[in-house]
Amino acid sequence: MTTPTLVVLGAGGDLTARLLLPGLAALVNRRHTSVRLVGSGRGELSDGEWRERVRRSFGDESGPDLDEIIETTRYVRADATAPDDLARLIESLPSAPIILYFAVAPQVTERACRALADVDLPSDTRLVLEKPFGTDAASAEELNRLVGSLVPEDQIFRVDHYLGMSTVLNLFGVRFANRMFEAVLSSTHVASVDIILDESLALEGRAGYYDRAGALVDMLQSHALHVLGILAMEPPSSLGARDVRDGAAAVLRATRIWNDDPVASSRRARYTAGKVGDRVLPAYVDEEGVEPDRRTETWAEVTVEVNTWRWAGVPFRLRAGKALPRLDKRVAITFKEPNWIPDGLSGFEEPDRVKIGLDPATVWIHFNTNGPADPLEVDRVAMRVDLDPGDVPAYGEVLAGVLAGDPTLSVRGDQAVQTWRIMEPVLRAWRADAVPLEEYPAGSDGPSDR
Ligand code: BG6
């Protein structure tokens, strides 16, 4: 296989430094993946300065393969929205296939793709796009048409790094490499499912992006729905791209807002001033760059239903929030009560629950067993297993697919459209102010009465 050339457009940006290059370093070091790296951006940067940035982002990762990348990487100054610049950049590249990674704002990605229409692209070029992909179902469809006119769908990688998280991929292992879980994962046994993505991080200087996105688009329309796609899919016959993405897409097509009622089935809130651990945080509206009149939420909860034979009637609650007391990203499956508890067995309080930690990587099984004194009086216990966090971070896993030309862990065009279709009723209700914008102090558990 020829060594691919990864061209990072937006090389000077935060995403490149903080996630992309560290992910690449881990991947190259641990799995000996071969790649050539080219950085590109509008800013003036010498090759030496760029190499220094790459070295810094590689952090503690080191080794001969990484040294070679640092020694050979180049920086090409180019405006990604200008066809002439793009043509010059592409002509200068050392080897095919070329991978164009758009580590830039979505509006810039879209303009760059329009510009690429006027450029002679090698036929095996791969395009990598970050979220959000569009702003609603119609714009996602339009964007699909645009990128689809440049390269075939299998060469388009819409990144959702949750699909590369080893703990999300662990859902395949837990579900399909055991008998005991999968057999009870259906409306016959399951009362409800929560997909919870709580973060202690707050805005972290990202107003330019986040104040327009909010928790709903930033986390639920993307990450949470893709986790749902894996969690609720029918067992695929293989983990090949076609089977996995067909399975997840079928779940998304079957998903809609609970009772078709976006007002009753959603909540939103934003944080006020408070303290997370030792960090004193200002109110979200007082953060630099925030426009309070946008009424952007930093906490969102939406309940959906998956209308399939297996899942109809089971509420799936999706929730994400910032400035919460702790990092806690998990899937929690709550089972129904036993059909019958024999007379004489007492003390039953709660049904069993399985929690699959996405971050921290832990599985908890809460169940009822005999109590300390009387064996016929049940007590609640928990079994905990710490999982291996995986050899590469999520971005490394996503890049592994991109470099190998395998789109299994990327979002397919129809999935991107479906995620918007599912959330559009909530977005409309929130824009119309039909759902109150609640508040919670930073560092608290979120809005009250939950
Ligand atoms: C990003 C969001 O996609 O995911 C951030 O834009 C969020 O707001 C991040 O903090 C969470 O990712 P992770 O890998 O830390 O769970």
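Conventions used here
Residues numbered from 1 in each chain as written. Predicted model: local features only at pLDDT ≥ 70, side-chain atom pairs only at ≥ 80, totals over all residues. Heavy atoms only, no water. Phe/Tyr/Trp six-rings, centres within 6.5 Å; stacked < 30°, edge-to-face > 60°. Helix = DSSP H or I, 4+ residues; strand = E, 2+ residues; numbered from the N terminus. Buried < 20%, exposed > 50% of the residue type's maximum accessible area, 1.4 Å probe, protein only. Lys NZ or Arg CZ within 6 Å of the ring centre and 35° of its normal. Core = buried A, V, L, I, M, F, W, Y, C linked by side-chain atoms within 4.5 Å. Contact = heavy atoms within 4.5 Å. Pairing = 2+ DSSP bridges.

Topic: the packing of aromatic side chains
Across all of its chains, the model carries 6 aromatic pairs by this definition. Ring centres of Phe172 and Phe176 lie 6.3 Å apart, and the angle between their planes is 35°; this geometry places the pair in the tilted category. A residue pair is termed a helical-turn pair when its members lie 3 or 4 positions apart in one helix, as Phe172 and Phe176 do in helix α7 (residues 166–176) at 4 residues. With relative accessibility at 27%, the residue Phe176 sits in the partly exposed group. Note on Trp311 and Phe316: the rings are 5.2 Å apart at their centroids and 80° apart in plane angle, and the pair reads as edge-to-face. By the burial criterion, Trp311 is buried, and Phe316 matches it. Through pairs of rings, three or more aromatic residues link up here, namely Tyr210, Tyr271, Tyr284 and Tyr440. Above the ring of Phe133, the side-chain terminus of Arg158 is found at 4.8 Å from the ring centroid.

Let's talk about the nonpolar core
Ranked by size, the top nonpolar core spans 106 residues in total, and within it Leu100, Leu116 and Phe316 carry the most contacts. It is helix α8 (residues 207–232) that contributes the most residues to this core, 15 residues altogether. Not counting residues within four places of it along the chain, the set of residues in contact with Leu100 comprises Val7, Leu9, Ile90, Leu116, Leu121, Thr125, Arg126, Leu127 and Val128. Judged by nonpolar contacts, the second largest core, of 32 residues, contains Ala11, Val35, Ile69 and Ile70.

Topic: the side chain of Asn170
Relative to the assigned elements, Asn170 resides in helix α7. Since its relative accessible area comes to 19%, Asn170 is described here as buried. Residues contacting Asn170, with those up to four places away along its chain left out, are Ile356 and Leu387.

Things to note about the pairing of strand β1 (residues 5–9)
Within β1, 5 of the 5 residues are buried, leaving the element largely enclosed by the surrounding structure. The alternating pattern of β1 places Thr5, Val7 and Leu9 on one face and Leu6 and Val8 on the opposite face, and all of these are buried. Across 5 bridges, the pairing between β1 and strand β4 (residues 98–102) is parallel. Across the sheet, Thr5 pairs through a bridge with Ile98, a residue of β4. Two strands pair when backbone bridges link them, and β1 and strand β2 (residues 36–41) are joined in this way by 5 bridges, in the parallel orientation. In the strand pairing of β2, Val7 is matched with Val38.

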